[in-house]
Amino acid sequence: MNILIKKRSVEIEFVHEGDTLSYEIDLDNYSKNEHVTNILIFDTLASESYIRDSNESSYEPLILSRLIKLISIMDKVRLCINGKIKDTKYHEITIPNELLNHCLFKEGIKYSSYSVEYFEQQQFTEDDCKNLIELEKIVINKNPNTQKQELIRTNEVLDWTMNYLKNLYKVVNKQNVEFINQCMKKIVVESEIFEVVKEEFSSSLSCSDKNEINTEHWKKMWEYVKEYITRSPDSNDTCPVCKQDLKETASNRFEKILNFINHENKKTMNQLEHSIRKIVTITKEEIKTEKELELIVGSIRISDHLKKMLQELLIELSISATILINTNYLEKKEIILSVKDEKVEKILGQIKDVYSENMKALELLTNLNYEEYFNNIENEILELKKRKFETEHKEMLIANAKINKYRQKLEAAKVSTSTNTTTTLVKKIAKQILGVNYTDEFNNELSKLTDNKLQVILKEESIRKGKIPFKLVVANEFGEEFPPDKVFSEGERRILSIAAFLADSGLNGNNNTIILDDPISSLDDHYEALVCKRIIEISQDRQVIVFTHRLSLVFGLHSRALEQGILFKDCSIRANSKNKGIISESILSKRKVKPTLNKLMNTDLPKLKKEAPFSEEYDFQLDAITKTFRTMVEKSIEDVLTEGVISRFNPVIHSNNVRNLALITEKDCQIIESMMSKYSFYAHSHSEEKPISEIDLEDLEKDLTSYNEWFLSFNKRKKDKN
């Protein structure tokens, strides 16, 4: 089954500041047009709502309007923020069960207290991995004695290593190497002097003299010679021993010869070598090989990085010490070693730290109960596993941390959109301004519309968002309250709802257009007159549009508008078998019967005959002629038969033409009655299930001719009598 839904729309013209604005309004979605939404409408639904329900005043003072607008904006912003928070999803990360009890993971994947920087810095190294394995072994065995023995053994190795390192470095430190190099230089110099003197001196001696060189009297002789030479010798002097000429350098030469004879050079060299041996205290056998050092360092429970640095340093020091031990002091070369003090001190400090930590662990194992000890171990294991997990999921955790930071900003912004303070202020202002004003306005309107005959109470209810809901109630002498629909008649309830509506629109202050749909339904003549009067009063300041089936209301409004000099404009809205909402001539039209009949017969009917039968234009013109004819038949009662003695809904009677009523015959009444019955049928709308029969053009033409003849005949009778 296909259902065709037609768009419901209407074209509306607004005159705004002299400009005519035309809009096509979608009746199913008109809330977007401010011109339409500003119109105040009273209809049956609104009337019943004022009686049954609590209603809010639409009046808003400027300060309330701004505050309520602010609340509305804050609500929208909060909704927007909530939407963004909802749309911001965390990356799903599966957390191992063993980590769920960790304080970090109690928050799941959010990590609200951890920053991006925290996760960027997390690393799980190879040392951490080995440490984790060792700690897990301890927990599995849960034997503190095994752990104590391991710590003792490790510290023994560390102690030996530190002593070995210190002993090596005591030999090969920078200061010692520099001293050894200086000693070696002096040894080389003394050795060279010795050899030169030996060569020179030995070449001039006989075999017997050579045998005497080391005797005491030989040494004494050369001491006397040296003493003689050093007593300011003249340049022409000769040596008393060798008869050589003495020069200024003789003293130095004899000093060297004497040293040679006394073995002073060798003594100096021996002293220097002894000084070197005092420094190089370590023996070749004490120095460990590279393989031995690798095994020793590998057995120590320290980080791989520290192991590597320690092993490299020990090998370097061992090689340097070996070089010093194997050095020939008579070689003319300098010993160059690259071991730096800072490097040794750094590594030695780190080893001492490990040694101290192990000692603390030993003390802990000795003094603390085992349960506490293993709890600490398990916590350390958990912390290492946490670090491992963070390292493995670093990218996603950083992404979640960024998301969480963004969500925290959104949450902070959301808090700032709380309307509690503003709403409290709005309620306070609304209570002070709206409560009194609306009640006074309602009582004033009710007084005007009922002449104080109806008494009701306008009861305030709880304020919500700057609006005060009011409810109409009736109270008896015992203070009991009843809803109006349980006490008043339908007409009285209508009056109460009109008073509430006008009070609301009166406080609005915008002079917006008011539309009243059948406002006097079920009202008696007294209340109808009061409503007419009030409508005209409020129309002095704003446009009022009234829809009604009651012609008495139309005439009442028209007459009062004329009295007050207020512009009054009316029209009829009718329907035919094919269309609804057709605008037709006003029922207050001043058209005369005779010229109108002539126009229908001589102009409108011939024009209709030229149109194609049953075309849209044909149907429209035919419908217009039918309605106009029916109106003229109705008007004939007032203008022709009674000659203005009475008019519908006009209380004034014109008695000066009463005598002409005697001319009315039974035939006159029959023709008017028949025409009214026939064409009233065409004038009223009918259901689509039972449409009216089509109007026959010939029949219409005969009726127009017949009625025109009667009209002329009646007027002739009236003229003949007068």
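Residues numbered from 1 in each chain as written. Predicted model: local features only at pLDDT ≥ 70, side-chain atom pairs only at ≥ 80, totals over all residues. Heavy atoms only, no water.

Visitor: Explanation requested: the overall build of the protein chain in the structure shown.
Guide: Scanning the protein chain from N- to C-terminus turns up 24 helices and 11 strands. Within the protein chain, residue pairs in contact and separated by at least 24 positions form 71% of the contacts whose partners lie at least 6 positions apart. Put simply, the protein chain shows about 44200 Å² of open surface, and 51% of that area lies on carbon and sulfur atoms. (Helix = DSSP H or I, 4+ residues; strand = E, 2+ residues; numbered from the N terminus. Contact = heavy atoms within 4.5 Å. Areas by Shrake-Rupley, 256 points an atom, 1.4 Å probe, with all protein chains shown as cover.)

Visitor: Would you take a moment to explain helix H19 (residues 525-538) for this structure?
Guide: Note that an α-helix has 3.6 residues per turn; residues three or four places apart therefore point the same way. Between the first and last C-alpha of H19 there are 20 Å, a value that for 14 residues agrees with the 20 Å anticipated at 1.5 Å per step. For H19, the N-terminal capping position is held by aspartate 524, with its side-chain oxygen 3.2 Å away from the main-chain nitrogen of histidine 526. (Expected span 1.5 Å × (residues − 1). Polar contact = N/O pair within 3.5 Å; in protein donor to acceptor, adjacent residues only side chain to side chain.)

Visitor: It is not clear to me how the layout of surface pockets should be interpreted in this structure. Could you clarify?
Guide: Over the atoms a probe the size of a water molecule is rolled, and this reveals where empty space is left. Empty space within the second largest pocket amounts to approximately 840 Å³. Lining the second largest pocket are 29 residues, with Asn131, Arg301, Glu357, Asn358 and Glu380 sitting closest to its centre. Counting only elements with at least two residues in the lining of the second largest pocket, the list comes to helix H5 (126-141), helix H6 (144-172), helix H13 (304-325), helix H14 (341-367) and helix H15 (370-392). Top element by residues in the lining of the second largest pocket is H5. It accounts for 8 residues. (1 Å grid on protein atoms, 1.4 Å probe; cavity = no way out; pocket = protein on both sides within 12 Å on 5 of 7 lines; lining within 4 Å. Points joined across faces, edges and corners; volume = space filled by probe spheres on them.)

Visitor: Sorry if this is basic, but what is going on with the sheet that holds strand E9 (residues 544-547) here?
Guide: Whenever strands of a sheet pair, they do so through backbone hydrogen bonds, lying parallel or antiparallel. Here 3 strands make up an open sheet; going across it, the order is E3-E8-E9 and the pairing parallel. Each having just a single partner strand, strand E3 (40-42) and E9 make up the two edges of the open sheet. Across this sheet, the average inter-strand angle for adjacent strands is 15 degrees, counted without regard to direction. Relative to strand E8 (residues 514-517), E3 is paired through 3 bridges, and the arrangement is parallel. Bridge pairing links isoleucine 41 to isoleucine 515 in E8. (Pairing = 2+ DSSP bridges. Axes fitted to C-alpha atoms, helices over the stretch in contact; angles between N-to-C directions.)

Visitor: How do you make sense of the packing of helix H12 (residues 290-298) against H13 when you look at a structure like this?
Guide: Helices that pack against each other are described as a pair by the angle of their axes relative to one another and the distance between those axes. Where H12 meets H13, the axes come as close as 10 Å, and the angle between the chain directions of the two elements is 150 degrees. Considering their axes alone, H12 and H13 lie roughly antiparallel with respect to each other. The handedness of the crossing between H12 and H13 comes out as right-handed. Contacts between H12 and H13 involve Glu290, Leu293, Glu294, Val297 and Gly298 on the former and, on the latter, Lys307, Leu310, Gln311, Leu314, Ile315 and Ser318. Here the residues of the contact of H12 with H13 sort into 5 nonpolar, 3 polar and 3 charged. (Parallel < 35°, antiparallel > 145°, perpendicular 65-115°, else oblique. Left-handed = near helix turned anticlockwise from the far one by under 90°. Nonpolar A, V, L, I, M, F, W, Y, C, P; charged D, E, K, R; others polar.)

Visitor: Can you walk me through the nonpolar core in this structure?
Guide: Generally speaking, soluble globular proteins have nonpolar side chains that are buried together. Among the nonpolar cores identified, the biggest contains 39 residues, and Phe442, Val456, Ile495, Leu496, Phe501 and Val531 are the most heavily contacted of them. Those elements that provide at least two residues to this core are E3, helix H2 (44-52), helix H17 (420-450), strand E6 (469-475), helix H18 (490-508), E8, H19 and helix H20 (551-564). Among the elements that make up this core, the one with the highest residue count is H18 (8 residues). Non-local contacts of valine 456, meaning those with residues more than four positions away in its chain, are made with Phe442, Leu446, Leu472, Val473, Val474, Phe488 and Leu496. (Core = buried A, V, L, I, M, F, W, Y, C linked by side-chain atoms within 4.5 Å. Buried < 20%, exposed > 50% of the residue type's maximum accessible area, 1.4 Å probe, protein only.)

Visitor: Got a minute to help me understand the pairing of E9 in this structure?
Guide: Both E8 and E9 contribute to a ladder of 4 bridges, which runs parallel. Across the sheet, leucine 516 pairs through a bridge with valine 546, a residue of E9. Taken together, E8, H19 and E9 form a β-α-β motif whose crossover is right-handed. (Right-handed = clockwise from strand over helix to strand, strands pointing away.)

Visitor: Looking at this structure, how should I read the pattern of salt bridges?
Guide: Note that side chains of opposite charge can pair when their charged atoms are close. Going through the model one piece at a time under the given rule, you end up with 20 salt bridges. The salt bridge partner of glutamate 445 is arginine 534, with a shortest N-O separation of 2.7 Å. Residue glutamate 445 is found in helix H17, and its partner arginine 534 is found in helix H19; the two are separated by 89 residues along the sequence. Residue glutamate 445 shares its accessibility class with arginine 534, and that shared class is buried. Across the salt bridge formed by aspartate 668 and arginine 717, the nearest N and O atoms sit 2.8 Å from each other. (Salt bridge = Lys/Arg side-chain N within 4 Å of Asp/Glu carboxyl O.)

Visitor: Help me understand the confidence of the model for the protein chain, please; the structure alone is not making it clear to me.
Guide: Atomic detail in the predicted coordinates should be set aside for any region of low pLDDT. Of all residues in the protein chain, 72% have pLDDT values of 70 or greater, and the mean over the chain is 76. Here helix H8 (residues 207-212) stands out as the element of the protein chain with the lowest mean pLDDT, 54, in contrast to E9, whose mean of 92 is the highest. Taken as a whole, residues 1-5 scores under 50 in pLDDT and shows 0 contacts with residues more than four places along the chain or in a different chain. (pLDDT = per-residue confidence, 0-100.)

Visitor: Hey, could you run me through unusual backbone geometry in this one?
Guide: For residues besides glycine, phi is generally negative; the peptide bonds are generally trans as well. Backbone geometry places aspartate 518, a non-glycine residue, at a positive phi of 50 degrees. Considering the arrangement of structural elements, one finds aspartate 518 in the loop between E8 and H19. We classify aspartate 518 as buried; its relative accessible area is 19%. Unlike most non-glycine residues, phenylalanine 614 shows phi in positive territory, near 65 degrees. Position of phenylalanine 614 among the secondary structure elements: in the loop between helix H21 (593-609) and helix H22 (616-641).

Visitor: Quick question: what am I supposed to make of the packing of H21 against helix H24 (residues 697-721) here?
Guide: Their axes nearest at 11 Å, the elements H21 and H24 cross at an angle of 160 degrees. On the basis of their axis angle, the class for H21 and H24 is roughly antiparallel. Of the two possible hands of crossing, H21 and H24 adopt the one that is left-handed. Contact residues: Val593, Lys594, Leu597, Asn598, Leu600, Met601, Leu605, Leu608 and Lys609 in H21; Leu697, Leu700, Glu701, Leu704, Thr705, Tyr707, Asn708 and Phe711 in H24. Across the contact of H21 with H24, the residue classes tally to 11 nonpolar, 3 polar and 3 charged.

Visitor: Sorry, what's going on with the packing of aromatic side chains here?
Guide: In this description, a pair of aromatic rings is defined by centroid distance and the angle of the planes. Evaluated as defined, the whole model comprises 7 aromatic pairs. Within the aromatic cluster, the residues linked to one another by ring pairs are Phe629, Tyr679, Tyr707, Trp710 and Phe714. (Phe/Tyr/Trp six-rings, centres within 6.5 Å; stacked < 30°, edge-to-face > 60°.)

Visitor: I'm lost on helix H16 (residues 394-416) in this one. Help?
Guide: Under the 1.5 Å per step criterion, the end-to-end length of H16 is 33 Å for 23 residues, consistent within 8% with the ideal 33 Å. Among the residues of H16, those classed as buried are Leu397, Ile398, Asn400, Ala401, Ile403, Asn404, Arg407 and Leu410.

Visitor: Please explain the environment of glutamine 540 as it appears in this structure.
Guide: You can see glutamine 540 is positioned in the loop between H19 and E9. Each C-alpha atom of the pair glutamine 540 and isoleucine 566 lies 7.0 Å from the other, and the pair is 26 residues apart in sequence. Leave out the neighbours within four places in its chain, and glutamine 540 touches Gln564 and Ile566.

Visitor: Would you take a moment to explain the side chain of serine 539 for this structure?
Guide: Among the secondary structure elements, serine 539 is positioned in the loop between H19 and E9. By relative accessible area, which is 16% here, serine 539 ends up buried. Excluding residues within four positions of it along the chain, serine 539 makes contact with Val544 and Ile566.

Visitor: When you look at the environment of leucine 165 in this model, what are you seeing that I'm missing?
Guide: Residue placement: leucine 165 occurs in helix H6. The spacing of leucine 165 and leucine 348 is 183 residues in sequence and 8.1 Å in space, taken between C-alpha atoms.

Visitor: Looking at this model, I keep getting lost on a nonpolar patch on the surface. Mind explaining?
Guide: Residues Phe547, Ile573 and Ile583 make up a contiguous nonpolar surface patch of about 300 Å² in total accessible area. Among the secondary structure elements, phenylalanine 547 is positioned in strand E9. Given a relative accessible area of 39%, phenylalanine 547 falls into the partly exposed group. (Patch = residues over 30% accessible without salt bridge, like charges linked within 9 Å, V, L, I, M, F, W, Y side chains within 5 Å.)

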